[in-house]
Amino acid sequence: MEELGVMWPAPEQVETERSLLEPLSVDHAPEMVRVLADPSLYEFIGGEPPTPEGLVRRYVAQSVGQSNDGSEWWLNWVIRHKVSEVLVGFVQATVEGETRKLSADIAWVVAPKAQGNGAATEATRAMIQWLRERGVGSFGAFVHPQHHASMAVAKNQGLAPTCTIEDREIRWELNIGGDR
């Protein structure tokens with residue numbers, strides 16, 4: 001799809017050593033409700049576990065793939081463990097900018113039972129690589145200063161903390177170029 005002179009490709013399945021990143025669809029909602037059900041996931045990011053109906057509404061909106069004005073490209077993938085074939089979380093990116101200066105705000109969430117083994121790091125790395133191959137040159141993420149696991153994921157991607165704070169979260173950034 002092309003808006004404002006920027007060609008936004010549709011997300012594709014991405015394979016990692018242990019996982020498949022599947023482009024988000026509404027069909028993922030029933031399984032993802034279970035993945036996102038643990039209240040501990042919301043300790044740092046706020047909110048609460050989604051209802052099935054609420055998650056379907058969210059996924060309908062996110063699956064559109066771009067903002068109404070076409071200035072943002074929304075990419076969402078669920079993370080499916082290859083061996084168990086169960087969903088364990090998601091990664092997402094909001095991309096904006098001019099064709100030669102694309103930047104992405106990224107995020108990751110992995111269910112508590114799947115944490116601690118590098119799943120978020122591996123999935124986030126694969127998403128960033130996919131985005132880099134499409135010209136995205138800078139990345140940012142907001143991480144709560146007490147969320148040590150998410151800080152580790154950010155560090156593992158090469159992101160570094162900045163002085164920017166929003167909603168008590170620190171912005172981490174990585175600029176790797178990206179001029180095409």
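Refer to the structure printed above.
Residues numbered from 1 in each chain as written. Predicted model: local features only at pLDDT ≥ 70, side-chain atom pairs only at ≥ 80, totals over all residues. Heavy atoms only, no water.

Caption draft 1: Fine view of helix H5 (residues 148–156). Listed in full, the buried residues belonging to H5 are Ser150, Met151, Val153 and Ala154. The buried side chains of H5 occupy one side of the element, clustering within an arc of 155 degrees when seen end-on. Facing away from the buried side of H5 by more than 90 degrees, the exposed set consists of His148 and Lys155. Buried positions along H5 lie against strand S7 (101–110), helix H4 (119–132), strand S8 (136–143) and strand S10 (169–175). With its phi angle positive at about 90 degrees, Gly158 sits one or two positions after the end of H5. (Buried < 20%, exposed > 50% of the residue type's maximum accessible area, 1.4 Å probe, protein only. Helix = DSSP H or I, 4+ residues; strand = E, 2+ residues; numbered from the N terminus. Arc of directions from axis to C-beta. Contact = heavy atoms within 4.5 Å.)

Caption draft 2: Looking closely at the layout of surface pockets. Counted as a void, the largest pocket has a volume near 970 Å³. Ile45, Ala107, Trp108, Val109 and Ser150 are, among the 39 residues lining the largest pocket, the residues nearest its centre. Secondary-structure elements contributing two or more residues to the lining of the largest pocket are helix H2 (42–45), strand S6 (87–98), S7, H4, S8 and H5. For the lining of the largest pocket, the element with the highest residue contribution is S7, accounting for six residues. Taken together, the residues that form the lining of the largest pocket break down as 20 nonpolar, twelve polar and seven charged. (1 Å grid on protein atoms, 1.4 Å probe; cavity = no way out; pocket = protein on both sides within 12 Å on 5 of 7 lines; lining within 4 Å. Points joined across faces, edges and corners; volume = space filled by probe spheres on them. Nonpolar A, V, L, I, M, F, W, Y, C, P; charged D, E, K, R; others polar.)

Caption draft 3: Highlighting the pattern of salt bridges. For the coordinates displayed, the defined rule picks out eight salt bridges. Arg171 is the partner of Asp105 in a salt bridge, and the nearest nitrogen-oxygen pair spans 2.8 Å. Here Arg171 lies in strand S10 and Asp105 lies in strand S7, a separation of 66 residues in the sequence. Take Asp105: its relative accessible area is 33%, and that puts it in the partly exposed class. Given the relative accessible area of 15%, Arg171 is considered buried. One salt bridge connects Glu173 with Arg171, and the closest N-O pair in it is separated by 2.8 Å. Each of Glu12, Glu133 and Arg134 takes part in one network of salt bridges that share partners. (Salt bridge = Lys/Arg side-chain N within 4 Å of Asp/Glu carboxyl O.)

Caption draft 4: Layout of the pairing of strand S9 (residues 160–166). Looking at chain direction, S9 and S10 are connected through four bridges and run antiparallel. Each residue of the ladder has a partner; that of Ile165, found in S10, is Ile170. In this structure, the hairpin formed by S9 and S10 is closed by a connection of two residues, where Asp167 is found at a positive phi of approximately 50 degrees. (Pairing = 2+ DSSP bridges.)

Caption draft 5: The side chain of Thr124, seen in detail. Topologically, Thr124 is positioned in helix H4. When neighbours within four sequence positions are excluded, Thr124 is seen to be in contact with Val91, Ile106, Trp108, Val153 and Gln157.

Caption draft 6: Spotlight on the nonpolar core. Grouped together as the largest cluster of nonpolar side chains are 35 residues, with contacts concentrated most on Val95, Ile106, Trp108 and Leu131. Listed by contribution, the elements that provide at least two residues to this core are strand S5 (72–81), S6, S7, H4, S8, H5 and S10. With eight residues, H4 is the single largest residue contributor to this core. Ignoring sequence-local partners within four residues, the contact set of Trp108 consists of Phe90, Val91, Ala120, Thr124, Ala141, Val143, Ser150, Val153 and Ala154. By size, the runner-up hydrophobic cluster in this structure holds 15 residues, among which are Val35, Leu55, Tyr59 and Leu87. (Core = buried A, V, L, I, M, F, W, Y, C linked by side-chain atoms within 4.5 Å.)

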